[in-house]
Amino acid sequence: MSTYLPTLKQLQYLVALKENGHFGKAAESCFVTQSTLSAGIKELEALLDIVLVERTRRVVRFTELGNQIAEKAYRILREAEELSEMARSAGKPLAGDVRMSVIPTIAPFLLPRLLPRLREERPELKLYLKEETSQAACDSLHHGHADCVLLALPFPCGDVETDVLFRDEIFVAFPKDDPRNPPPRIDPATLDETRLLLLEDGHCLKDHALAACNRPELKASARMMGTSLHTLVQMVDNGLGLTLLPKMAIDSGILDHTSIAARPLKSDSATRDIALIWRTNSPRRSEFQLLAEIMKGAQNWVSNRSS
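Presented here is a report on the structure given in the accompanying data block. (Residues numbered from 1 in each chain as written. Predicted model: local features only at pLDDT ≥ 70, side-chain atom pairs only at ≥ 80, totals over all residues. Heavy atoms only, no water.)

**Structural notes on the pairing of strand β4 (residues 126–131)**
Right, so step 1: Pairing of strand β3 (residues 97–102) with β4, which is carried by six bridges, proceeds in the parallel orientation. From the neighbouring strand, Met100 faces β4, where its bridge partner is Leu129.
Right, so step 2: Handedness of the crossover joining β3 and β4 through helix α5 (residues 107–121) is recorded here as right-handed. (Pairing = 2+ DSSP bridges. Helix = DSSP H or I, 4+ residues; strand = E, 2+ residues; numbered from the N terminus. Right-handed = clockwise from strand over helix to strand, strands pointing away.)

**Considerations on the nonpolar core**
Right, so step 1: Residues Ile106, Leu150, Leu151, Leu229, Leu244, Leu265 and Leu276 are the most contacted members of the largest nonpolar core, which totals 69 residues.
Right, so step 2: Aside from chain neighbours lying at most four places away, what touches Leu229 is Thr105, Phe109, Leu199, Leu205, Leu244, Leu245, Pro246, Ala249 and Ile254.
Right, so step 3: Core analysis: the next-biggest nonpolar cluster, separate from the first, contains 20 residues, Ala16, Phe23, Ala73 and Leu77 among them. (Core = buried A, V, L, I, M, F, W, Y, C linked by side-chain atoms within 4.5 Å. Buried < 20%, exposed > 50% of the residue type's maximum accessible area, 1.4 Å probe, protein only. Contact = heavy atoms within 4.5 Å.)

**Some remarks on the pattern of salt bridges**
Where charged atoms of side chains with opposite charge meet at close range, the side chains can pair.
Right, so step 1: Considering all chains together, one arrives at 14 salt bridges under this definition.
Right, so step 2: In this structure, Asp163 and Lys296 form a salt bridge, with 2.9 Å as the shortest nitrogen-oxygen distance. In this pair, Asp163 is assigned in strand β6 (residues 160–175) and Lys296 in helix α11 (residues 285–306), connecting sequence segments 133 residues apart. Exposure class is identical for Asp163 and Lys296. Each is buried. (Salt bridge = Lys/Arg side-chain N within 4 Å of Asp/Glu carboxyl O.)

**A few points about unusual backbone geometry**
Right, so step 1: Cis geometry is found at the peptide bond from Leu153 to Pro154, where omega equals 5°.
Right, so step 2: By the secondary structure assignment, Pro154 is in the loop between β5 (148–153) and β6.
Right, so step 3: One non-glycine residue, Phe31, lies in positive phi territory at about 60°.
Right, so step 4: Considering the arrangement of structural elements, one finds Phe31 in the loop between α2 (23–30) and α3 (34–48).

**Section: the packing of helix α1 (residues 8–20) against α2**
Helix-helix packing: each pair is described by the crossing angle between the helix axes and the interaxial distance.
Right, so step 1: At a minimum axis separation of 8 Å, α1 and α2 run at an interaxial angle of 125°. Taken together, the axes of α1 and α2 lie oblique to each other. Crossing angle aside, the handedness with which α1 passes α2 is right-handed. Facing α1, whose interface residues are Gln12, Tyr13, Ala16, Leu17 and Asn20, α2 presents Phe23, Lys25, Ala26, Ser29 and Cys30.
Right, so step 2: The residue makeup of the contact of α1 with α2, split by class, is six nonpolar, three polar and one charged. (Axes fitted to C-alpha atoms, helices over the stretch in contact; angles between N-to-C directions. Parallel < 35°, antiparallel > 145°, perpendicular 65-115°, else oblique. Left-handed = near helix turned anticlockwise from the far one by under 90°. Nonpolar A, V, L, I, M, F, W, Y, C, P; charged D, E, K, R; others polar.)

**Brief notes about the packing of α1 against α3**
Right, so step 1: Relative to each other, α1 and α3 sit at 110°, their axes nearing to 9 Å. Relative to α3, the element α1 is oriented roughly perpendicular. The hand of the α1/α3 crossing is left-handed. For the pair α1 and α3, contact is made by Gln10, Leu11, Tyr13, Leu14 and Leu17 and by Thr36, Leu37, Gly40, Ile41, Glu43, Leu44 and Leu47, respectively.
Right, so step 2: Class assignment for the residues of the contact of α1 with α3 results in eight nonpolar, three polar and one charged.

**Considerations on the state of the cysteines**
Right, so step 1: Inspection of every chain in the model, using the stated rule, returns one disulfide.
Right, so step 2: The disulfide partner of Cys138 is Cys157, and the S-S distance across this bridge is 1.9 Å. Where Cys138 bonds to Cys157 through sulfur, the torsion about that S-S bond is close to -125°, and the disulfide is left-handed. In this pair, Cys138 is assigned in helix α6 (residues 134–142) and Cys157 in the loop between β5 and β6, connecting sequence segments 19 residues apart. (Disulfide = S-S within 2.5 Å.)

**Remarks on the layout of surface pockets**
Right, so step 1: Put simply, the largest pocket is a space of about 340 Å³.
Right, so step 2: Forming the boundary of the largest pocket are 17 residues, of which Gln12, Val15, Leu77, Glu81 and His145 lie nearest the centre.
Right, so step 3: If you list the elements that add at least two residues to the lining of the largest pocket, you get α1, α2 and α4 (64–89).
Right, so step 4: Partitioned by chemical class, the residues of the lining of the largest pocket number seven nonpolar, six polar and four charged. (1 Å grid on protein atoms, 1.4 Å probe; cavity = no way out; pocket = protein on both sides within 12 Å on 5 of 7 lines; lining within 4 Å. Points joined across faces, edges and corners; volume = space filled by probe spheres on them.)

Below is the structure:
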């Protein structure tokens with residue numbers, strides 16, 4: 001084995017530069033000066049006897065080999081983190097730090113019910129939450145920035161383990177005085193694509209809703225996009241059209257104080273699975289399974305309360 005090996009600190013600097021694309025921002029994320037980070041990467045290049053990064057005044061460009069080594073560095077740093085996670089999980093479960101990414105179409109509706117229960121049952125747990133779109137959350141998981149992700153499935157998230165918490169039905173939301181007077185369950189074929197309001201690209205709920213309707217043309221026909229479910233609700237409440245909402249949002253009161261009605265889609269695929277996911281072979285697997293069971297209990301409490 002070579003006597004001279006890259007240090008974890010040097011790899012952290014390289015990964016930070018790859019993620020930020022800027023020496024100053026990378027240094028801030030590592031809590032060091034720009035000169036310290038730059039020197040660390042130069043030391044790494046000297047140690048490996050290769051150029052990893054092409055430097056110009058305006059652009060930071062990784063070489064082809066630099067990209068490959070940065071990707072490898074991600075995995076090495078993740079493995080190093082898992083060493084300490086393994087030791088910590090051998091003690092009292094869910095008693096340390098857990099970094100969880102949550103997608104925006106879940107976070108505001110499930111977390112307010114989940115967090116009080118977690119504080120009560122696991123007071124030593126320190127849960128650090130970050131709201132991200134589905135792809136960003138999966139990237140955070142695989143790059144080691146998140147320990148687990150609260151996600152809606154189906155969604156391609158790579159090599160992960162999954163614990164489905166519950167199934168979430170998709171509803172059509174429309175103004176209560178809509179002259180079309182929709183039936184108790186709405187056939188997706190009857191949806192007027194000229195009135196449909198959808199979330200912006202990047203939200204997996206948009207793909208789940210379109211899949212439930214089995215009408216690919218809806219994506220191209222949708223005339224307005226919203227940045228959040230709350231924005232879509234305001235659009236519908238102001239007579240701009242209709243939209244598709246998950247049941248968890250409706251149960252959480254998103255339609256309170258509005259003139260909006262909601263009815264389920266008449267489709268076997270008009271659902272999404274809410275799941276907790278983590279990296280395959282994570283040493284904290286048993287902890288995440290326990291966390292998933294607590295989440296299921298919290299959701300059951302909400303369901304019973306709303307029924």
